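# Report on the structure
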Amino acid sequence: MHEMNGNILLRIAAVTAILSFSPAAAAERNPQMDQVIRQIRETAERMRGQLPPEDIAEMLRNADEMERENGKSSFTAPAAKPAPAGDIIAHLEQVHGSTFEWLMRTATCAGYQWENWRTYTITTGTKIPERNTGCKRAFAAYEQYFYAARNGNGAVGKRHLAEYDRLAHEVVNTYSQE
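Rules used throughout
Residues numbered from 1 in each chain as written. Predicted model: local features only at pLDDT ≥ 70, side-chain atom pairs only at ≥ 80, totals over all residues. Heavy atoms only, no water. Helix = DSSP H or I, 4+ residues; strand = E, 2+ residues; numbered from the N terminus. Buried < 20%, exposed > 50% of the residue type's maximum accessible area, 1.4 Å probe, protein only. Contact = heavy atoms within 4.5 Å. Axes fitted to C-alpha atoms, helices over the stretch in contact; angles between N-to-C directions. Nonpolar A, V, L, I, M, F, W, Y, C, P; charged D, E, K, R; others polar. Core = buried A, V, L, I, M, F, W, Y, C linked by side-chain atoms within 4.5 Å. Salt bridge = Lys/Arg side-chain N within 4 Å of Asp/Glu carboxyl O. Disulfide = S-S within 2.5 Å.

### Quick notes on the overall build of the protein chain
Assigned secondary structure in the protein chain consists of six helices and zero strands. Tracing the protein chain from N to C terminus, the helices and strands come up as α-α-α-α-α-α. Per-residue burial over the protein chain gives 35% buried out of 178 residues. In the protein chain, the share of contacts with a sequence separation of at least 24, taken over all contacts with a separation of at least 6, comes to 61%.

### Some details on the packing of helix H4 (residues 88–96) against helix H6 (residues 154–175)
The geometry of H4 relative to H6 is characterised by a closest axis approach of 9 Å and an angle of 35° between their N-to-C directions. Taken together, the residues of H6 that come into contact with H4 (itself represented by Ile-88, Ile-89, His-91, Leu-92 and His-96) are Lys-158, Leu-161, Ala-162, Asp-165 and His-169. Its residues assigned to classes, the contact of H4 with H6 comprises five nonpolar, three polar and two charged.

### Considerations on the nonpolar core
Core analysis: the largest hydrophobic core is formed by 23 residues, its most contacted members being Leu-103 and Tyr-164. Mapped by element, the contributors of at least two residues to this core are H4, helix H5 (128–150) and H6. Leaving out residues up to four positions away in the same chain, Leu-103 has contacts with Cys-109, Ala-138, Phe-139, Tyr-164, Ala-168, Val-171 and Val-172.

### Focus: the side chain of Thr-108
Checked against the element boundaries, Thr-108 lands in the loop between H4 and H5. Taking relative accessible area as the criterion, Thr-108 reaches 3% and is therefore assigned buried. Other than its neighbours up to four places away in sequence, Thr-108 contacts Ile-122, Arg-131, Cys-135, Val-171, Val-172, Tyr-175 and Ser-176.

### What about the pattern of salt bridges?
All chains considered together, the criterion is met by nine salt bridges. Arg-166 is the salt-bridge partner of Glu-163, the closest N and O atoms lying 2.7 Å from each other. Taken as a pair, Glu-163 and Arg-166 lie in helix H6 at a separation of three residues, close to a single helical turn. Overall, Glu-163 belongs to the partly exposed group, its relative accessible area being 30%.

### Quick word on the state of the cysteines
Per the stated rule, a full pass over the model turns up one disulfide. The disulfide that involves Cys-109 links it to Cys-135, with 1.8 Å between the sulfurs. Judged by the sign of its S-S torsion, about -90°, the bond between Cys-109 and Cys-135 is left-handed. Remark: Cys-135 occurs in helix H5 and Cys-109 occurs in the loop between H4 and H5; sequence separation between them is 26 residues. Each of the two residues, Cys-109 as well as Cys-135, counts as buried.

Following this line, the structure appears as structure tokens:
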């Protein structure tokens, strides 16, 4: 039982350290890791007499190692780089999680996709005709982007993609509160 408690704590600390690790770190300490290190040391002190001394010593060695690595900024992630100005694809990937079809995941245009925008209609909620019109306009622009990109016309496609994003935000901002 004592060995299991120590192992669980060590695993939690290791997982936290792994998830926080970034080799291209900025030159600063990670405050969350400072807190984890402090918690490991406090837990080790609270567990004295309940765990074998070897487990306590191992917890403290791990905390010391994490302290050294945090001092080298090993657990500090670099700041996210903003998308290049005018790069709509990079912007959408950064803002909407690497997908351009983010509008179909919203409640405002639920059920719409670029493949069905011509035939699909929302039938529940308020301001149905206006919402349908807004969703259809946005997905029509997305469809134009898709075809332009597929046909190798990236510049035209990016203009349609920017229009899709503008129309999608417009419909969501207008009808998401309904």
